[in-house]
Structure formats: structure tokens, C-alpha cells
Amino acid sequence: MALLDCLSRTQKIILAILCFPLLPFYLCYVCCCSSDEDGGEAKASQKGDLRRAEEAKNDAVDGHGVKVTVNIQPSPRTLPRSTATQREQTDKSVECNVNGNREVVTVEIHPKKRTANLVKKFSFGKGKVTSRNEAVYENEGYVNDQNGTKVSNAILLAYPWDGSTLKSMRIDLNQFKQLDAYASEVRASSSVEVLVRDLLRGTSSDVEKLRAIWVWVTHHIAYDMEGYRNPNLRSASPDDVLRTGRAVCAGYSSLVQRMCSLAGIECKELSGYSKGAGYKLGNRFRGESDHAWNAVRLAGSWHLLDATWGAGHVTDNVSQFEFKYNEFYFLTHPALFVGDHFPLEGQWQLLRPQISLKQFEDAAFRKSCFYNSGLLSSQPESWLIHSDQKTTITIKSSSPTLFMQTLNDKENHGILTLKPDGMMLDVYPPEIGKHSLKIYCRDPDSTEKMYNSALHYEIQCKAVDRGLNLPEDLKNPMGPSWMSERSGLCDPSQRDSLVHTADGRCSFSFRVDSHWEFLSMLSTEVFRMTDDEQRRHTFMSRTVDRVKFQVQIPRPGLYQLCIYGKERTMAGSFSNVCNYLISCTNPKVSWPVFPLKYTTWQEHYELVEPLSGVLPANRTIRFKMRVPGVSQVSVQGKATQDLCLDTDGFWNGCCSTAGCLDLSVMIRENPNDLTRSFILNYQVGGKSD
């Protein structure tokens, strides 16, 4: 044994080659010897425990070539602090007493360049961190501010957000309804101590205690507008905040910290940069912090909350505060919280890897409404978009959501299509330069019809698409969607929102429910169309379970087809349920209007021919249509011509346009009726060729 200990690694390898038949036995010995060496090194280092534990904080390598990694678990009321250690072989724990605080220090020792049995790092009170997705979310996309090295454009977090909850811990908000109602009604007391005592009546867990504190602060402390404008008038003292009922962010966070301390909850005040009131896209954050919030420790883990933003918001010009409770900022998931909060101490992002300040500045500006509305993600990731003619924005959502957009406060520069899990928006900037794009959303089932601001981009346009002149009164969303299905239009024949036609004609059909009724209109920016032309360049017909909208455009250009609907039993006007864009570049296209329909024309009638509402003069015109439930169909010109009913249920016949200015189609519902009703009218045009 002593001889082997004197040999170098190279000599041992040569000896192993020479003693090849005994190699398996030798390898077993080496493994056992290594373990003995580790134990011997641990025993030899029993002296100087305190010095080596302090060196372990910095992952130092001592003179014997031993690397020390330390994991410090905090006491219930203080942040980690190391004072003394005591090791037992490879892994020892010692309890120390410093100023009455009890600390536990865990030290693992392993040889240099060897893999530790269990590598642990500072956890800031979270304990051992595990993630079911760690194998997928590797340490990529991290930008290190120190060396500026960027691995990729993605930001992948060690604590990925799976979209199932906005919170950093699993809680059922419904269980707080009674507590919330009680806490919001508790009156302010003469002291913080008395207030906390009153609030905590009936609470048992730390989460319930924190919830009571959070609800009271966000419902009773208003943002101090005077203090915001004049720092000399503000105070962050919890007693002053309670007395005046006003505070800036530092006052909110200090009051929450004091109340949590009295409730036995470990709480820390944090400061950093924020994307709050007054924030502009492209702002760069330097110097002192501009916001304060809190971190609390619950069940061994740290969580984030911002009572200032949970209480309400100030107007865009920072002139007035409005109480408007925002649940989003209570125990927010760190991956979402970092979207508008950047702590000066990076570890309080509670993310691994931490995002850099540049990533924070460059990220798309997603407001709390974005996530409160059930939206999950958006692309592009950056707030600044470089565009060549067209820019595409996509948003994923957890449920069907209504959207609208404005470009420079106008709605007509984008084509928005709804999807069951989000939306897609194609933006066409009208000119080169910078443009402000804002996206709004709302719940389609909510009684509140106002859209909420969710996302903000800036587009830097380098080229303009002059061939696409979107209508001024563009009505989004475009194309069929879950919204049109809710309005009775299902199984569309045209699924694309933009339809191209070579001959100027196209049709759109849907499966429909019988209790819905519809109408349609066609408009364009190419020339001014009268209301009559907008109605008569579309023609609707209906069978038992389908509706068909036929379109023939008057000249080349880009047109908008708007379909309106309402339930038959519902009073009120028609509402927009589906829209299409129709493009035609054929210069020879010149279609007249469809024939004029009288009110006696029923939607279940079907016109096959002629579809043109203007007929040539001195011609014999063939007529074919389905008009069920009548006894006679006639065409009246200079003379009246009766049509014949064939075995397929169509009325057929011919009539001459000679010597007349128009032709009218009439019906007799019953054989004994003396009168007939007009259902269609055609104009007769110029002379025949």
C-alpha cells in the first residue's frame, strides 16, 4: 500500500499495463482507495473549521486541492449569515448561535476536479429547487452583463412558466373570498400593531395572514400624488403611511414589511427599476432605483408582491390616482413579475439564469392586463420591430379573446384574424419611419365592453407596400373565426381573410342555424360607392342549412365584404359577424350590380340567372330561379312571359328586353289570387351589338 502511495499516476498506469491480468482487481482497489483518501482529507482538516467554512462561501480551493461548496439555509427571521462550522467527514451540519439567531450551515467537501455527490448553491431560503422541466429548459439565452456574451436570442428560465397559473405557488383564490371581504372592511387603527392584531383574527396560516395584510393595504392606502411630485412631502414611515392613508411605493413596501414582521412572516423590501406610469418604449434605466416592492417567505420559499400596483393606477400624465384593485401583483410568478420589475439585486428576480438589464429594457411591454386576460405569450419578443412593408404579430391565449389594434391611434393599418387560442395581426405601415402599435383585448363573455390595453410595440418601417390600400373604415377581425361561429356562420367555404379573384366574381357560403338572419355589404377606397351600390354588389341566397353570399365587383381594386347578423327572436339592429377582403387586379373587370330585390324576395329563394342587374337591350334573356311555395312566376317587360316549373323545382323561361327600360319578376302565391307581387327588378341598358 505504501509503495502504491509513492507512485505517480503515470507510474500506476504503467504498472497496470504490465499487470494487465490483474487490472480488474486493481481498479476496484483504486476506487476504494479514493474513498479512503477523501475521508482522510476530511479528518485531517478537522482543525481550522471556521476558516474553511468562510472559504467555502466563495467556493475556494484550499492548499490541499480540496474544493468546498456550501449551502446555507436561513433562520426563520433573517437572511443567510455564516458564523461557524463543524464538519464530520464529507458532509457535516452544525447549529450556531449568533445574537440569539439559530443558523444551520451545510458543507460538502469533494476533491478538486471531481464531481460532487450533490452540488448545492445559495437558495435564498427556497430550499432545494426542483423543476419538472429542467431537462428541457437549459441554461441558454442568458446574457451576462459582465462579458456581454449572448448564447441565443431566447430567454429560457430555470423556473419556466407553464401558463397554468399567474401565481408562484398553488393557491385557490376562492378560499379567500370571506377573508378578503373581512380584511377590506377593517378600519384603520391608531397603530400598526393594533391593525395587524385586528386583521389576523381568524387566520391560521402564513398565506392567510399575508392575504389579509395585502387586501387591507391595497384597499386603504392611496398613492400619494403630492409626495410623488414633491419628495419633501412624502414619508416612507409605516406609522405616517397609516396615519395619512397615502404613500409612494417606498411607503407601501415599508408598511407591508412592518405588518408582515408583526405577523411573524419574513418579508424584505426590494428596490429596482420598473415599467410603470411614465414609462416610454425604449427607456434606458440607469442610476438610482425608481420603484419599491416586497418579497415574502412562505413555506420555505420566497415570493414577490407589489402592493403599490395592486392598489390601483395613476393616469398617463401622472396627475391622478384611481383605486382599482389588481390581483396580478400578489404572489406573481417570477417569470411574469420580471416583465415590469427589475431588482437592483439580481438574486431577487428569483430566476435562474437571471435576465440582464438590457433584456429587461428590450423586452416587449406586456402589461398586467395581458396576463389577467388569459394571454400567454406574444411574438416578437422585443418592443422594437424592424419592418419591410409588413409586420406580423402573434398572440397565444388560454381561451377565445377579442382583440383590436391601433397604429398611430388609427385602426385601419392592419389585418387582424382571430383564432381559438389567440390571434394574428398583419400590420402595413402607411409610410417610412417610426409607428406606435397598441394592442387591446377583452373577454367576449364579459358585460364590460371596453377593451383594455395589453401590449405596446414600436415599428421602425423601412419600406411601404403601396399595392395594398386598406379601407379607411376597415372592420377587424377579418375572416371566419370562433366569433363568426358564435353568430351562426359555420364551416366557411373561404377560410382565408384575403381572397383574390381574377374575373371579379367570388362567393362565400356557410352552414347556418335557422334562427339567424343575415345581410351583407361591399365597400372600397378605390371610388365612392353609394349605399345602394354597396348593397347590390352582393347577393344572398339560402337553403335549409346553408347561406351563400355572391359578390361581383364593379372595377379592379381592394374591397371589403361585411356580413351582419342577428337572431330572429332578438330585437335590435344587426351586428358585424364576419368580414373579408377581396382583391382583383384585372383591368378588364367591370361588373354591374345584382338585380334589385324587393322586400317580398325571401331569403330561401335562389336566383340562378341572370345575375346581372343591368341587361342588354334587344336581347332574349333566359331566366332560372327557385321560388318555392308559389303558384306562378312571370317576367314582365313589353309583354308578360310566364315561367315554367321543372321537375327540379326551378322556374325557367325566356323574355325579350326589346322595347322596354326594365324587366320585373312577379309571383302569384295562390292560383286564385287576383294580384301578383314583384320580387326582382332588372334595368335594361344600351343598344344591342
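Every value quoted in this text rests on a predicted model; they were computed, and no experiment measured them. (Residues numbered from 1 in each chain as written. Predicted model: local features only at pLDDT ≥ 70, side-chain atom pairs only at ≥ 80, totals over all residues. Heavy atoms only, no water.)

Caption draft 1: The arrangement of the overall build of the protein chain in detail. Within the protein chain, the regular secondary structure consists of 16 helices and 38 strands. Residue burial in the protein chain is summarised as follows: out of 689 residues, 47% are buried. Residue pairs at least 24 apart in sequence account for 63% of intrachain contacts in the protein chain once pairs closer than 6 positions are excluded. As displayed, the protein chain offers around 35500 Å² of accessible surface, 50% of which is attributable to carbon and sulfur atoms. (Helix = DSSP H or I, 4+ residues; strand = E, 2+ residues; numbered from the N terminus. Buried < 20%, exposed > 50% of the residue type's maximum accessible area, 1.4 Å probe, protein only. Contact = heavy atoms within 4.5 Å. Areas by Shrake-Rupley, 256 points an atom, 1.4 Å probe, with all protein chains shown as cover.)

Caption draft 2: Broad picture of the environment of Ser446. Structurally, the position occupied by Ser446 is in the loop between β20 (433-442) and β21 (452-463). Accessibility expressed as a relative area gives 24% for Ser446, which makes it partly exposed. Only 3.0 Å separates the side chain of Ser446 from the backbone nitrogen of Glu448, close enough to count as a polar contact. (Polar contact = N/O pair within 3.5 Å; in protein donor to acceptor, adjacent residues only side chain to side chain.)

Caption draft 3: The sheet that holds strand β35 (residues 644-645), seen in detail. Spatial ordering of the open sheet is given by β30-β32-β36-β35, a layout of 4 strands whose pairing is antiparallel. Unpaired on one side and paired on the other, β30 (606-609) and β35 mark the two borders of the sheet. Pairing of β35 with strand β36 (residues 651-656) involves 2 bridges; the strand directions are antiparallel. Along β36, the bridge assignment pairs Cys644 with Asn652. (Pairing = 2+ DSSP bridges.)

Caption draft 4: Molecular detail of the packing of aromatic side chains. On inspection of all chains with the given rule, the structure shows 26 aromatic pairs. The interplanar angle of 35 degrees and the centroid separation of 6.4 Å between the aromatic rings of Tyr223 and Phe321 together place this pair among those described as tilted. One end of the pair, Tyr223, is in strand β4 (residues 222-223); the other, Phe321, is in strand β10 (residues 321-323), and 98 residues separate them in sequence. Each member of the pair, Tyr223 as well as Phe321, is classed as buried. Taken together, Trp161, Trp293, Trp309, Phe328, Tyr329, Phe337, Phe370 and Tyr371 form an aromatic cluster joined through their ring pairs. (Phe/Tyr/Trp six-rings, centres within 6.5 Å; stacked < 30°, edge-to-face > 60°.)

Caption draft 5: Region of interest: helix α7 (residues 206-220). Compared with an ideal rise of 1.5 Å per residue, which puts 15 residues at 21 Å, α7 spans 21 Å between its outermost C-alpha atoms and is within 8% of the ideal. Those residues of α7 lying buried are Val207, Lys209, Leu210, Arg211, Ala212, Ile213, Trp214, Val215, Trp216, Val217 and Thr218. (Expected span 1.5 Å × (residues − 1).)

Caption draft 6: Examining the packing of helix α5 (residues 177-185) against α7 more closely. For the pair α5 and α7, the least separation of the axes is 8 Å and the interaxial angle reads 45 degrees. Considering their axes alone, α5 and α7 lie oblique with respect to each other. For the pair α5 and α7, the crossing hand works out as right-handed. Note on element contacts: α7 touches α5 through Glu208, Arg211, Ala212, Val215, Trp216, His219 and His220, opposite Leu179, Asp180, Ala183 and Ser184. Across the contact of α5 with α7, the residue classes tally to 5 nonpolar, 3 polar and 3 charged. (Axes fitted to C-alpha atoms, helices over the stretch in contact; angles between N-to-C directions. Parallel < 35°, antiparallel > 145°, perpendicular 65-115°, else oblique. Left-handed = near helix turned anticlockwise from the far one by under 90°. Nonpolar A, V, L, I, M, F, W, Y, C, P; charged D, E, K, R; others polar.)

Caption draft 7: Representation of the pattern of salt bridges in the model. Taken as a whole, this structure holds 26 salt bridges when the rule is applied. For Arg486, the salt bridge goes to Asp445, with nearest N and O atoms at 2.9 Å. One end of the pair, Arg486, is in helix α15 (residues 482-486); the other, Asp445, is in the loop between β20 and β21, with 41 residues separating them in the sequence. Asp445 sits in the exposed class, given a relative accessible area of 56%. Residues Glu603 and Arg568 are paired through a salt bridge, measuring 2.2 Å at the closest nitrogen-oxygen approach. Taken as a pair, Glu603 in the loop between β29 (596-597) and β30 and Arg568 in the loop between β27 (557-567) and β28 (575-584) lie far apart in primary sequence, 35 residues in all. Overlapping salt bridges bring together Arg284, Arg286, Lys358, Glu361 and Asp362 as one network. (Salt bridge = Lys/Arg side-chain N within 4 Å of Asp/Glu carboxyl O.)

Caption draft 8: Layout of the environment of Asn283. Inspection of the secondary structure puts Asn283 in the loop between β6 (267-274) and β7 (291-298). Asn283 sits in the partly exposed class, given a relative accessible area of 28%. Spatially, the C-alpha atom of Asn283 lies 6.9 Å from that of Glu361, the residues being 78 residues apart in sequence. Setting aside its immediate chain neighbours within four residues, Asn283 contacts Gly278 and Glu361.

Caption draft 9: Main features of α5. When α5 is considered as a whole, its buried residues turn out to be Leu179, Asp180, Ala183 and Ser184. Seen from one end, α5 has its buried residues packed into an arc of 125 degrees, which puts them on one side. Facing away from the buried side of α5 by over 90 degrees, the exposed positions are Lys177, Gln178 and Glu185. (Arc of directions from axis to C-beta.)

Caption draft 10: Structural context of the environment of Asp662. With respect to the helices, strands and loops of the structure, Asp662 is situated in strand β37 (residues 662-668). We classify Asp662 as partly exposed; its relative accessible area is 33%. Remark: the alpha-carbon pair of Asp662 and Lys638, spanning 24 residues in sequence, is separated by 8.9 Å. Excluding residues within four positions of it along the chain, Asp662 makes contact with Gln636, Gly637, Asn681, Tyr682, Gln683 and Val684. A polar side-chain atom of Asp662 sits 3.1 Å from a polar atom in the side chain of Asn681.

Caption draft 11: Local environment of the side chain of Ser274. The topology assignment puts Ser274 in strand β6. The contacts of Ser274, once residues within four sequence positions are left out, are Phe285, Asp290, His291, Trp309, Asp340 and Phe360.

Caption draft 12: The arrangement of the sheet that holds strand β24 (residues 516-524) in detail. Reading across the sheet, the 4 strands line up as β22-β28-β27-β24 and stay open at both edges, with mixed pairing between neighbours. Pairing within the sheet leaves two strands with one partner each, and these edge strands are β22 (498-500) and β24. In this sheet, adjacent strand axes meet at a mean angle of 25 degrees when their direction is disregarded.

Caption draft 13: Main features of unusual backbone geometry. A cis amide bond links Arg352 to the next residue, Pro353, at an omega of 0 degrees. Summarising the element assignment, Pro353 is placed in the loop between β12 (341-343) and α13 (357-362). A positive phi is found at Ala299, a non-glycine position, where the angle reads about 50 degrees. Tracing the chain through its elements places Ala299 in the loop between β7 and β8 (301-305). With a phi angle near 55 degrees, Asn408 is a residue other than glycine that sits in the positive phi range. With respect to the element layout, Asn408 can be found in the loop between β17 (402-407) and β18 (414-419).

Caption draft 14: Region of the structure containing the confidence of the model for the protein chain. Per-residue confidence for the protein chain averages 81 on the pLDDT scale, and 76% of its residues sit at or above 70. Below pLDDT 50 for its whole length, residues 34-156 participates in 185 contacts with residues either more than four positions away or in separate chains. (pLDDT = per-residue confidence, 0-100.)

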